Amino acid sequence: MGSRRGAMRLATFGLLLGLAVIVLNAILCPGPATAAVDDAIADETVFLPTDRASVQRLNLARELIDQRRWGEAVRLIGSLLEAPE
């Protein structure tokens, strides 16, 4: 009698563990239904025109970083962040 009860508990635990894995997988790795919603939202995304001067300054900041001129790059990026929109 005790071995049956233990087997039932083990089977129940296994089923609950399997169910938990399935639920967590659905939450953490969304499937095609969620991807379709994301695509619909992406289709409605609005892009504002870019400020040409800001883009040029970002490109210059990238070049400065590549040249390891950290201080100048930080000041340039900081000025972009502090600039009015």
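This write-up is about the structure you can find in this document. (Residues numbered from 1 in each chain as written. Predicted model: local features only at pLDDT ≥ 70, side-chain atom pairs only at ≥ 80, totals over all residues. Heavy atoms only, no water.)

Moving on: the overall build of the chain. A count of helices and strands for the chain gives four helices and zero strands. Along the chain, from the amino end to the carboxyl end, the secondary structure elements read α-α-α-α. Across the 85 residues in the chain, those meeting the buried criterion constitute 6%. For the chain, the accessible surface area stands at approximately 7800 Å², while carbon and sulfur atoms represent 65% of it. (Helix = DSSP H or I, 4+ residues; strand = E, 2+ residues; numbered from the N terminus. Buried < 20%, exposed > 50% of the residue type's maximum accessible area, 1.4 Å probe, protein only. Areas by Shrake-Rupley, 256 points an atom, 1.4 Å probe, with all protein chains shown as cover.)

A cluster of nonpolar side chains, Ile65, Trp70, Ile77 and Leu81, forms an exposed patch at the surface whose accessible area comes to about 410 Å². By residue number, the principal contributor to the nonpolar patch is helix H4 (residues 70-82), which donates three residues. Tracing the sequence through the fold places Ile77 in helix H4. Assessed through its relative accessible area of 31%, Ile77 is described here as partly exposed. (Patch = residues over 30% accessible without salt bridge, like charges linked within 9 Å, V, L, I, M, F, W, Y side chains within 5 Å. Salt bridge = Lys/Arg side-chain N within 4 Å of Asp/Glu carboxyl O.)

Let us look at the pattern of salt bridges. Going through the model one piece at a time under the given rule, you end up with one salt bridge. Between Glu72 and Arg69 there is a salt bridge whose closest N-O contact spans 2.8 Å. Looking at Glu72, the relative accessible area reads 34%, which means it is partly exposed.

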